[in-house]
Amino acid sequence: ATTRPETMLGDVAVAVHPEDARYKHLIGASIALPLSDRTIPIIADEFVEHNPVPGQGPGREGVKHRVRALREAFPDVRFVLDEVVAENDIVAVRYRWEGTHSGTFLGIPATGRRAAVRGMDFYRFKNGRIAEHWDNMDELSMLTQLGDLG
């Protein structure tokens with residue numbers, strides 16, 4: 001889950017790490033989202049997505065949905081890793097992707113326009129698997145390129 005209003009409206013659950021004593025007692029409970037007048041569950045998941053997109057479910061399944069939605073909306077998407085830096089259990093990636101907007105993405109109907117988007121991701125690994133992910137994508141540039149800023 002997130003605290004950004006534009007993504008809170010699409011959250012379907014709040015994921016907490018099952019071993020985090022601060023939140024363990026909340027697993028199985030629900031939380032009210034006052035902006036959308038909805039109640040969503042609090043679930044346990046070892047993977048934490050810190051910046052979900054609207055409608056993205058929690059955990060690894062949510063990430064699969066996010067990637068599938070991007071590939072459906074931009075079937076020719078191509079990622080380029082500009083820089084990768086690793087220290088201890090953290091990997092930082094500076095990337096760019098480009099593709100043709102051929103399907104609905106984040107509620108925006110297909111425009112047929114090309115988009116080139118830059119971003120930076122941070123991944124924390126645990127036991128050889130991604131445990132946490134933070135994403136910072138240039139959404140303003142993407143929306144401008146898709147003509148969705150009015």
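Residues numbered from 1 in each chain as written. Predicted model: local features only at pLDDT ≥ 70, side-chain atom pairs only at ≥ 80, totals over all residues. Heavy atoms only, no water.

Enquirer: What should I look at first to understand the packing of aromatic side chains in this one?
Expert: Two aromatic rings, taken as a pair, are described by how far apart their centres are and by the angle between their planes. As enumerated under the stated definition, the model contains four aromatic pairs in all. Geometrically, the ring pair formed by Phe-74 and Trp-97 is edge-to-face, given 4.9 Å between the ring centres and 70° between the ring planes. With Phe-74 in the loop between helix 2 (59-73) and strand 5 (78-87) and Trp-97 in strand 6 (residues 90-100), the pair connects residues that are 23 residues apart, well separated along the chain. Per residue, the accessibility class of Phe-74 equals that of Trp-97, and both read buried. Ring centres of Phe-79 and Tyr-95 lie 6.2 Å apart, and the angle between their planes is 45°; on these two criteria the pair is classed as tilted. One end of the pair, Phe-79, is in strand 5; the other, Tyr-95, is in strand 6, with 16 residues separating them in the sequence. Among the aromatic residues, those joined into a cluster by ring pairs are Phe-74, Phe-79, Tyr-95, Trp-97 and Phe-105. (Phe/Tyr/Trp six-rings, centres within 6.5 Å; stacked < 30°, edge-to-face > 60°. Helix = DSSP H or I, 4+ residues; strand = E, 2+ residues; numbered from the N terminus. Buried < 20%, exposed > 50% of the residue type's maximum accessible area, 1.4 Å probe, protein only.)

Enquirer: In this structure, what is going on with the pairing of strand 5? I would like to understand it.
Expert: Two faces belong to every sheet, and in a regular strand the side chains alternate between them. Both strand 5 and strand 6 contribute to a ladder of nine bridges, which runs antiparallel. Pairing of Val-84 across the sheet is with Val-93, part of strand 6. Counted between consecutive antiparallel strands, the loop separating strand 5 from strand 6 contains two residues, among which Asn-88 sits at a positive phi close to 55°. (Pairing = 2+ DSSP bridges.)

Enquirer: Help me understand the pattern of salt bridges, please; the structure alone is not making it clear to me.
Expert: Enumeration according to the criterion identifies 11 salt bridges in this entry. Put simply, Glu-132 and Arg-124 hold a salt bridge, and the shortest N to O gap is 2.4 Å. Judged by relative accessible area, which is 16%, Glu-132 ranks as buried. Ionic contacts of the salt-bridge type, sharing partners, join the residues Asp-82, Glu-83, Arg-94, Arg-96 and Arg-118 into one network. (Salt bridge = Lys/Arg side-chain N within 4 Å of Asp/Glu carboxyl O.)

Enquirer: Whenever I open this one, the pairing of strand 7 (residues 114-126) confuses me. Can you help?
Expert: Sheet analysis places strand 6 next to strand 7, joined by 11 bridges and oriented antiparallel. In the sheet register, Trp-97 faces strand 7, and the bridge partner there is Val-117. The antiparallel pairing of strand 7 with strand 8 (residues 129-137) creates a hairpin that spans two residues between the two strands, and Asn-127 there sits at a positive phi of about 55°.

Enquirer: Which parts of the structure should I look at to understand the environment of Val-93?
Expert: Here Val-93 is to be found in strand 6. Residue Val-93 is classed as buried on the basis of its relative accessible area of 11%. Along the primary structure Val-93 and Tyr-123 are separated by 30 residues, whereas in three dimensions their C-alpha atoms are 8.3 Å apart. Those residues in contact with Val-93 that lie beyond four places of it in its chain are Leu-81, Glu-83, Val-84, Gly-119, Met-120, Asp-121 and Tyr-123. (Contact = heavy atoms within 4.5 Å.)

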